[in-house]
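# Structure at a glance
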Amino acid sequence: MKILIADDEPVSRRLIERTLERYGYEVISAGDGAEAARELSKPDGPRLALIDWMMPELDGPEVCRQIRARQSSPYVYMLLLTSKELSEDIVTGLEAGADDYLTKPCEPAELQARLRTGQRILKLEDNLVEARELMRYKATHDALTSLWDRGAILSLLRGEVNRSAASFPVSLLMCDVDHFKEINDRHGHLVGDEVLRELSARLMSAVRQNDAVGRYGGEEFLAVLSGCPRHNLEEVAEQVRRAISTAPFKTSAGDLSVAVSLGATTIESWDPHSTIETYLKQADSALYEAKKTGRNRVAYAETNVISPRGQSQTPAGLQPA
């Protein structure tokens, strides 16, 4: 584990360095407070620190204050090294952000014990952060597919729509698995789950890196295509459709042919009198047209339906592109 020793006295610093190296630490040295603050502020900086109280540039308490003032950084456990023994001095150091203190010269056994305490606290901190991130992930992701869940994908859509107010286009793809009930009825729900997991992986591989995909409900998925204007939508939509239908799905029941129908729409600029439900309805209506006219195809809101082979069909009430 990395540890910082900050001390402006070279002899004292070198003695502590050797002690720490003997205990198995990777030691980083600093000769003044400013250098100590820089080292601790690095993304891969030490998370344990021994900081002398009296140093040039910045004293120990000021180093602690600066490190504690950082936002969204891993916790650093800091011990002040001091010859001060008055309780008010100790209180000053702890209130500046130090976790503990050691009086100089420090006994090696006491130093080792206090550093072990610091490591335990850092481990607890890491466990809490990991648990918090896991809870956040579970609160926003679908348990079966690991895609964004319905609430999260709609929240992302709202954010993208707000950006579209500045003429930043956003396109939507509403995807529904064709004949999914037959898959469940014939092969069972566990196989149906396998299909949904594989389909989710293919969806993610088919869209662009900055796009978002969520499970909208059941076998229905919503893709939010950030910065995708109408003239690029057909290419992306067909890419998604082909990613699903071209190769069979390998399941515990054998290879299965799976296809999706897609409804697509583009928000070129935000209408302040509209809601995201307006555009979701457009995509859903287009999806209904794709289902009605043969499945395994893409329908575009108020435009046309593209056949699996890329040929345009013209259902009733739709205009050919």
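Before reading further, recall that the structure is shown in the block above.
Within each chain, residues carry numbers counting from 1 in the order of the written sequence. Side-chain atom pairs in this predicted model are given and counted only at pLDDT of 80 or more, local residue features only at pLDDT of at least 70, and totals for whole chains, interfaces and linings cover all residues. For side-chain calculations, the full set of non-hydrogen atoms in the structure is used, while hydrogens and water are omitted.

## Regarding the packing of helix α8 (residues 189-206) against helix α9 (residues 230-245)
Running from N to C, α8 and α9 point in directions that differ by 145 degrees, and their axes come no closer than 9 Å. Along this stretch, α8 crosses α9, giving a crossing that reads as right-handed. In contact with Leu199, Arg202, Leu203 and Ala206 of α8, α9 contributes Gln239, Val240, Ala243 and Ile244. A class-by-class count of the residues in the contact of α8 with α9 yields six nonpolar, one polar and one charged. Here, axes are lines fitted to C-alpha atoms. For helices the fit covers the stretch in contact, and angles between N-to-C directions go from 0 to 180 degrees. In DSSP terms, a helix is any run of H or I states spanning at least four residues, a strand is any run of E spanning at least two, and both are numbered starting from the N terminus. When the near helix sits turned anticlockwise from the far one by under a right angle, the crossing is termed left-handed; a clockwise turn instead gives a right-handed crossing. Contact between two residues is taken to exist if any of their heavy atoms lie within 4.5 Å; hydrogens are not considered. Here the term charged refers only to Asp, Glu, Lys and Arg, the term nonpolar to Ala, Val, Leu, Ile, Met, Phe, Trp, Tyr, Cys and Pro, and the term polar to all other amino acids, Gly among them.

## Things to note about the nonpolar core
By size, the foremost hydrophobic cluster in this structure holds 32 residues, and its most contacted members are Leu173, Val177, Leu199, Leu203, Phe221, Leu225 and Val258. Taken together, the elements giving at least two residues each to this core come down to β6 (170-177), α7 (180-187), α8, β8 (220-226), α9, β11 (260-267) and β12 (298-300). Per element, the largest residue contribution to this core is six residues, and it comes from α8. When near neighbours in sequence (up to four residues on either side) are disregarded, leucine 199 contacts Val177, Phe221, Ile244, Phe249, Val258 and Val260. Counting residues in hydrophobic clusters, the runner-up holds 20 residues, among them Ile51, Leu58, Val76 and Ala98. Remark: nonpolar core denotes a set of buried residues (Ala, Val, Leu, Ile, Met, Phe, Trp, Tyr, Cys) joined through side-chain atoms within 4.5 Å. Categorising residues by exposure relies on relative accessible area from a 1.4 Å probe, with only protein chains included: less than 20% of the type maximum marks a residue as buried, more than 50% marks it as exposed, and the intermediate range marks it as partly exposed.

## Here we look at the packing of α7 against α8
Interaxial distance between α7 and α8 falls to 7 Å at its minimum, and their mutual angle equals 140 degrees. What the angle tells us is that α7 and α8 run oblique. On α8, the residues that touch Phe180, Ile183, Asn184 and His187 of α7 are His189, Val191, Gly192, Val195 and Leu196. Taken together, the residues that form the contact of α7 with α8 break down as five nonpolar, four polar and no charged. Throughout, the term roughly parallel applies to angles under 35 degrees, roughly antiparallel to angles over 145, roughly perpendicular to angles from 65 to 115, and oblique to all others.

## Quick notes on the side chain of serine 12
Looking at the secondary structure, you find serine 12 in helix α1 (residues 10-22). Here a polar contact means two N or O atoms within 3.5 Å. Within protein one must be a hydrogen donor candidate and the other an acceptor candidate, and residues neighboring in sequence count only if both atoms are side-chain atoms. Of note is the side chain of serine 12, whose polar atom sits 3.1 Å from the side chain of aspartate 7. Every residue in contact with serine 12, bar those within four places of it in the chain, is listed here: Asp7 and Lys104.

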